[in-house]
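# Summary of structural features
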Amino acid sequence: LPPISTLDRSSAASDVYKRQMRIGEFEFTDSNQVLSITNKETNNEALVKHIRSTTSKPSVVLAVDPKTKLQQLEKVVHFAPLLRLKVISGNLPIGTIYTITAQGIENGLRGAKDGFTYFGCKKRKCKSSIRHRKGEIINDVIIKNPDKEISQRHRGKHFQIQYVLDSNCYKIRDLGIGFGAYAKLENPLILQDNHLLSMGESFFIVNLLPDTDIEKRISKAELPKKDDLHTKLRIKVFAGPANGELFYFSPCKQTIKLGRQNSCEIQIEDTLLSKYQAHIVFSDEKGWILIDGFNGKPSTNGTWL
């Protein structure tokens, strides 16, 4: 959070936000990038249904022999970069540092050394049908949720960090169980189709639409010129005070502001949002760009991807 003097509302609201929304926060020690695991309830089925309906079919991925991959990882582990995660808040011991190598996290619960590190609220799968046999260990790091019923309902792998051999880097992926893994925006973000954003009590789905899709939904006065081939922006809100609302924007020089203030193009009465939570600009070269805060002033509780 920024210094108290720069906040546009009381720090008490921020404290409530952190209690309600975060069950674990990590900091990537080399880049200071913050990763958050939330416990924010929403209609997950509606989100998944919307994303699947607007996502193109994935490309084919060629299978790699597991033994061959393990041998490759063993060879590069001494040369590949290390990734360190530091716990800065939540239910894990504050200050704990996790070290991840090309083979996976050091001293992980699975001990697989397969290049994957899995995080979740439970160590094992459900118990086997065979009497007294424990379920398979599926997670390397356990982020406990104080609510036992929620932990049981979301048993499984929440997200993964994988070392990618070809590009010599680490990639994080949400696995669709639990309440999501979100990275805090520290720099401008070029929006892509089906980006999922978390701000305040709401989720925002970003869709990039061709002209033919948006012409059916906007008035004739707003129709683009024939030579305007730029992609249009649609933002759909899930959960929170503006649940279900849709916002459409055509490429223009105007700054699109999101927040509580009446002057915002996306105005939402949410006490966990800043007056100017974030803003979006359009660039002919890069497309739609999302930036946290406004006029150089960051939002209080952050914008999360």
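Numbering of residues starts from 1 in every chain and runs along the sequence as written. The predicted nature of this model means local features are confined to residues of pLDDT at least 70 and side-chain atom pairs, given and counted, to a pLDDT of 80 or more, with totals for whole chains, interfaces and linings taken over all residues. Water and hydrogen atoms play no part in the side-chain values, which are based on all heavy atoms of the structure.

Working definition: helices are DSSP H or I runs of at least four residues, strands are E runs of at least two. Numbering for both runs from the N terminus. Of the regular secondary structure elements, the chain holds 5 helices and 19 strands. The classification of residues rests on relative accessible area computed with a 1.4 Å probe and restricted to protein chains. Under 20% of the type maximum is buried, over 50% is exposed, and intermediate values are partly exposed. When burial is assessed residue by residue, the chain has 44% of its 305 residues classed as buried. Any two residues whose heavy atoms approach within 4.5 Å are treated as being in contact. Considering only contacts within the chain whose residues lie at least 6 apart along the sequence, 55% involve residues at least 24 apart. By element, 51% of the accessible surface of the chain is carried by carbon and sulfur atoms, the whole surface being about 17,600 Å². Areas reported as accessible are Shrake-Rupley estimates using a 1.4 Å probe. Residue values count occlusion only from the protein chains shown.

Right, let's get into unusual backbone geometry. One non-glycine residue, Asn168, lies in positive phi territory at about 55 degrees. Inspection of the secondary structure puts Asn168 in the loop between β8 (159-164) and β9 (169-174). Even without being glycine, Asn295 reaches a positive phi, approximately 55 degrees. One can find Asn295 in the segment after β19 (287-292).

Below, the discussion takes up the environment of Glu245. Structurally, Glu245 is set in the loop between β14 (232-238) and β15 (246-249). According to the relative accessible area criterion, Glu245 is partly exposed, its value standing at 38%. A sequence separation of 10 residues divides Glu245 from Ile235, and the C-alpha atoms of the two residues are 8.3 Å apart. Discounting chain neighbours no more than four positions away, the residues touching Glu245 are Ile235, Lys236 and Val237.

Glancing now at the packing of aromatic side chains. Ring pairs shown here join Phe, Tyr and Trp side chains whose ring centres sit within 6.5 Å, with only the six-membered ring taken for Trp; geometry is labelled stacked below 30 degrees between planes, edge-to-face above 60, and tilted in between. Counted by the stated rule, this structure contains 6 aromatic pairs. Geometrically, a charge over a ring is one whose NZ (Lys) or CZ (Arg) sits within 6 Å of the ring centre while staying within 35 degrees of the ring normal. The ring of Tyr118 carries Lys157 above its face, with NZ or CZ at 3.9 Å from the centroid.

Our next topic: the confidence of the model for the chain. If pLDDT is low for a region, its predicted coordinates should not be looked at in detail. Values of pLDDT, the confidence the predictor places in each residue, fall between 0 and 100. For the chain, the average pLDDT comes to 80, and 70% of its residues sit at 70 or higher. Here residues 1-21 scores under 50 on pLDDT; set against residues more than four positions off or in separate chains, the count is 40 contacts.

Okay, the pattern of salt bridges next. Salt bridges are identified by distance alone: a Lys or Arg side-chain nitrogen within 4 Å of an Asp or Glu carboxyl oxygen. Under the counting rule described, the total for this entry stands at 5 salt bridges. Here Asp140 ties to Arg110 by a salt bridge, and the two come within 2.9 Å at their closest N and O atoms. Of this pair, Asp140 sits in the loop between β6 (116-120) and β7 (141-142) while Arg110 sits in the loop between β5 (104-105) and β6, and the two are 30 residues apart along the sequence. One salt bridge in this structure joins Lys125 and Glu136, with 3.7 Å as the shortest N-O distance. Note that Lys125 is positioned in the loop between β6 and β7 and Glu136 in the loop between β6 and β7, a separation of 11 residues in sequence. Glu136 gets classed as exposed once you look at its relative accessible area, which sits at 51%. Salt bridges here are not isolated pairs; linked through shared partners, they connect Arg110, Asp114 and Asp140.

With respect to the helices, strands and loops of the structure, Asn139 is situated in the loop between β6 and β7. For this analysis, a polar contact is any N or O atom pair within 3.5 Å, provided that within protein one partner can donate a hydrogen and the other can accept it, and provided that sequence-adjacent residues contribute only side-chain to side-chain pairs. Separated by 2.6 Å, the side chain of Asn139 and the backbone oxygen of Lys122 make a polar contact. Looking at Asn139, its side chain comes within polar contact range of the main-chain oxygen of Gly156, at 3.1 Å. Those residues in contact with Asn139 that lie beyond four places of it in its chain are Leu109, Arg110, Tyr118, Phe119, Gly120, Lys122, Lys123, Gly156 and Lys157.

This part is about the environment of Ala278. Relative to the helices and strands, Ala278 is located in strand β18 (residues 278-283). When the C-alpha positions of Ala278 and Gly293 are compared, they lie 4.3 Å apart, and in sequence the two are 15 residues distant.

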